[in-house]
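Residues per chain, in single letters:
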Amino acid sequence: MEGLKSLLEDVAEQAKVYDVVDRTEALVRRRRYVRLAPAATVAFAVGVAAVIVLVMGWNAAHRNRAAGQPTWQQRADAIDGVVNYHRTAPQVVNQKEHRSGDLTYEMDPPVAGHHHSLWQNCMGDVYTSEVAEEHAVHSLEHGAVWITYRYDLPADDVRALAARVRDTPYLFMSPHSELDRRVSLQAWGYQLKVDRVDDHRIDEFIDALRMNASQEPGAACSGGVAEATGVPVNLPADRSGGVIVRPVVASTRETDIASGA
Amino acid sequence: MDDGFRQFVVTRLSRLSRVAYLLTGDHHAAEDLLQSALVKVGVNWRRVRAADDPDAYVRRVLYHERISTWRRRSRMAEDSVGDPPEAAVRGDVADDTVRRVVLERALGKLTPKQRAVIVLRYFEDLSEVDTAEALGCSVGTVKSQTHHALGRLRALAPELADLIRDPTEVVTWKG
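Residues numbered from 1 in each chain as written. Chains lettered and ligands numbered in written order. Predicted model: local features only at pLDDT ≥ 70, side-chain atom pairs only at ≥ 80, totals over all residues.

### A closer look at the overall build of chain B
Going by this rule: For the purposes of this entry, the term helix denotes a DSSP run of H or I that reaches at least four residues, the term strand denotes a run of E that reaches at least two, and both are numbered from the N terminus. For every residue, the other C-beta atoms within 10 Å of its own C-beta are counted; 20 or more classify it as buried, 12 or fewer as exposed, and values in between as partly exposed. C-beta atoms are placed from the backbone. Residues are defined as contacting one another if the C-beta atoms placed from their backbone atoms lie within 7 Å.
Helix and strand counts for chain B stand at nine helices and zero strands. Order of helices (α) and strands (β) in chain B, N terminus to C terminus: α-α-α-α-α-α-α-α-α. With 175 residues in all, chain B has 37% of them scored as buried. Within chain B, contacts between residues separated by at least 24 positions form 59% of all contacts whose residues are at least 6 apart in sequence.

### Focus: the overall build of chain A
Each helix and strand in chain A was counted, giving nine helices and six strands. The 261 residues of chain A split such that 31% are buried. Taking contacts inside chain A between residues at least 6 apart in sequence as the whole, the part at least 24 apart equals 71%.

### Considerations on the environment of A:Tyr149
All names here are of chain A. Looking at the secondary structure, you find Tyr149 in strand 3 (residues 145-149). We classify Tyr149 as buried; it has 22 C-beta atoms within 10 Å. Spatially, the C-alpha atom of Tyr149 lies 9.6 Å from that of Val197, the residues being 48 residues apart in sequence. The contact partners of Tyr149, leaving out residues within four places of it in the chain, are Val158, Leu161, Met173, Pro175, His176, Arg182 and Val183.

### Considerations on the nonpolar core
Rules: In this description, a nonpolar core means buried residues of the types Ala, Val, Leu, Ile, Met, Phe, Trp, Tyr and Cys, linked to one another by C-beta atoms lying within 7 Å.
Among the nonpolar cores identified, the biggest contains 49 residues, and B:Ala20, B:Leu34, B:Leu62 and B:Leu103 are the most heavily contacted of them. When residues in this core are grouped by element, the largest group, eight residues, is from helix 1 (residues 5-24) of chain B. Filtering out sequence-adjacent residues up to four positions away, B:Leu103 remains in contact with A:Leu7, A:Val11, B:Ala157 and B:Leu160. Counting 42 residues, the second largest nonpolar core, distinct from the first, contains A:Ala112, A:Ala136, A:Tyr149 and A:Leu171.

### Quick look at helix 1 (residues 2-13) of chain A
Rule in force here: Here the expected span of a helix is defined as 1.5 Å times the quantity of residues minus one.
For helix 1 of chain A, which comprises twelve residues, the first-to-last C-alpha distance of 16 Å matches the rise-based estimate of 16 Å (1.5 Å per residue) to within 8%. Residues of helix 1 of chain A that are buried sit in contact with helix 1, helix 6 (96-108) and helix 7 (112-123) of chain B.

### Comments concerning the interface of chain A and chain B
Short version of the rule: Side-chain classes are defined by residue name, with Ala, Val, Leu, Ile, Met, Phe, Trp, Tyr, Cys and Pro counting as nonpolar, Asp, Glu, Lys and Arg as charged, and the others, Gly among them, as polar.
In this complex, chain A contributes 25 residues to the contact, which on the side of chain B involves 30 residues. Elements represented by at least two residues in the side of chain A that touches chain B include exactly helix 1 and helix 2 (21-68) of chain A. Looking at which element gives the most residues to the side of chain A that touches chain B, the answer is helix 2 of chain A, with ten residues. Class assignment for the residues of the side of chain A that touches chain B results in 13 nonpolar, three polar and nine charged.

### Examining the pairing of strand 3 of chain A
Residue and element names in this part refer to chain A. Quick note on the threshold: Any two strands with at least two DSSP-identified bridges between them are counted as paired.
With respect to burial, strand 3 is a largely interior element, five of its five residues being buried. Neither face of strand 3 is open: one carries Val145, Ile147 and Tyr149, the other Trp146 and Thr148, and all of them are buried. Of the pairings in the sheet, the one linking strand 3 to strand 4 (residues 171-175) comprises five bridges and is parallel in character. The residue of strand 4 that forms the bridge with Ile147 is Met173.

### Considerations on the pairing of strand 6 (residues 190-194) of chain A
All names here are of chain A. As paired strands, strand 1 (residues 83-84) and strand 6 are joined by two bridges and run antiparallel to one another. Bridge pairing in strand 6 places Val83 opposite Gln191. Direction of pairing for strand 5 (residues 183-187) relative to strand 6: antiparallel, over a ladder of five bridges. Paired with Leu185 across the bridge in strand 6 is Leu192.

### Some points on the sheet that holds strand 5 of chain A
All names here are of chain A. Rules: Lines are fitted to the C-alpha atoms to define the axes, a helix being fitted only along its stretch in contact, and any angle between axes, read from their N-to-C directions, falls within 0 to 180 degrees.
Spatial ordering of the open sheet is given by 1-6-5-3-4-2, a layout of six strands whose pairing is mixed. Bordering the open sheet on either side are strand 1 and strand 2 (123-126), each of which pairs with just one other strand. The strands that helix 8 (residues 200-209) touches are strand 3, strand 4, strand 5 and strand 6; relative to strand 6, the one it contacts most, it runs at about 165°.

### Some details on the environment of A:Pro169
Residues and elements named next belong to chain A. Inspection of the secondary structure assignment puts Pro169 in the loop between helix 7 (155-165) and strand 4. Under the C-beta neighbour-count criterion, Pro169 is labelled partly exposed, with 16 such atoms within 10 Å. Between the alpha carbons of Pro169 and Gly143 there is a distance of 10.0 Å; along the sequence they are 26 residues apart. With sequence-adjacent residues up to four places away left out, Pro169 is seen in contact with Met123, Gly124 and Cys221.

### A few points about helix 8 (residues 128-135) of chain B
Residue and element names in this part refer to chain B. To be explicit about the condition: Each direction from the helix axis to a C-beta atom contributes to the arc, which is the arc of those directions.
Where helix 8 is concerned, the buried positions are Thr131, Ala132, Ala134 and Leu135. In an axial view of helix 8, the angular spread of the buried residues amounts to 165°, which keeps them on one side of the axis. Once helix 8 finishes, Gly136 follows within two positions and takes phi at roughly 65°, a positive value.

### Notes on unusual backbone geometry
Residues and elements named next belong to chain A. Omega for the peptide link from Asp108 to Pro109 comes to -10°, which places this bond in the cis form. Of note, Pro109 is situated in the loop between helix 5 (90-93) and strand 2. Phi at Met211 is positive, roughly 70°, even though this residue is not glycine. Counting through the fold element by element, Met211 comes out in the loop between helix 8 and helix 9 (255-258). Accessibility expressed as a C-beta count within 10 Å gives 18 for Met211, which makes it partly exposed.

### Some points on the confidence of the model for chain A
Predicted coordinates in areas of low pLDDT are best not read in detail. Our working rule: pLDDT expresses how confident the predictor is about each individual residue, on a scale running from 0 to 100.
Considering every residue of chain A, the mean pLDDT works out to 85; 87% of them sit at 70 or more. Counted against residues more than four places away or in other chains, residues 237-256 of chain A, with its pLDDT under 50, gives 28 contacts.

Below you can see the structure in the form of structure tokens.
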């Protein structure tokens with residue numbers, strides 16, 4: 001078969017030297033990286049899966065913990081002596097309009113209803129004179145808890161209450177005439193009346209309802225009425241200008257109590 | 001990428017180019033074949049270099065690549081070159097150029113596997129065992145493919161028949 005071999009060599013002579021060295025090298029370099037891609041992809045997928053599992057596990061744990069805990073409504077209802085007007089007087093609780101002038105309220109102190117367009121400041125404000133109910137109800141709508149006390153509450157007790165209230169957002173206190181009990185706490189739709197300021201239900205009420213009872217979550221407790229005159233500040237019903245008229249009367253809050261009045 | 005791959009390719013380029021041309025019979029196809037085979041070798045270069053015989057590995061890749069390329073394109077037009085030209089054949093058979101052309105065209109009529117067997121056995125001078133290893137088939141297959149390939153070449157290029165005799169055949173002279 002020597003003849004075939006030399007003929008094949010004749011054919012092979014027709015070949016050029018195909019200079020594919022550089023192109024081959026470039027392709028090999030690229031492929032070597034590409035070959036890493038599956039491993040990199042797997043590693044990435046494993047990482048993503050791990051994160052998903054962690055997040056889901058965390059969520060599940062969180063949900064279980066949440067499921068094991070009562071809602072704020074359940075905690076509020078569990079407080080001995082609390083009145084839930086959402087059940088007993090829903091028509092009142094659902095009144096949320098802005099009105100001007102003197103408004104009358106079914107409950108005393110009021111827990112809900114139409115109210116003045118300005119709210120009483122409730123950033124832990126301690127008022128030493130009565131606030132206008134029309135403003136206070138608006139603060140309740142914003143999620144504040146309003147603590148009222150009778151004038152015959154001993155000064156030490158007033159100071160204790162003030163210490164609890166002071167500087168806590170969405171909490172404010174003021175004296176209130178004609179209370180049937182010494183202390184009355186209000187949140188939107190809820191009320192609790194107690195005789196002693198060291199009653200543990202005060203904290204339970206605040207913990208359950210402060211901010212939670214809000215009808216307008218996120219609404220402010222500042223930028224409202226700062227003085228306590230017992231009557232609403234004189235503003236038209238439609239504050240179409242949107243300008244909040246700051247009261248000119250100096251605030252009477254806190255200083256008297258701090259000095260032991 | 002200074003791991004000897006480039007050096008390896010440069011030293012083998014000339015010979016591999018000739019094999020690739022023999023396998024394809026076309027410059028573009030030969031270049032493509034060579035490049036894709038070498039890329040496969042390069043990607044696995046560390047393993048290839050560690051192997052006993054890098055050349056055998058490269059050969060295997062080259063021939064497999066050729067056959068699989070052909071399979072991929074089998075539905076397309078084969079590298080058919082038409083019938084061998086009668087006139088040229090009738091002319092001066094001793095003319096090397098004509099004989100080469102005749103063989104090239106005859107090779108073009110073979111299947112890639114038959115063609116590969118011819119190149120491995122009669123150009124690369126490999127034994128049947130080494131050919132079988134290069135093609136990844138049995139020695140028996142190499143034998144039968146060789147037999148068929150030579151038979152076809154003889155039929156396609158009868159004027160070369162005296163050069164293409166199947167050594168496995170028992171030649172009997174009658175009259």
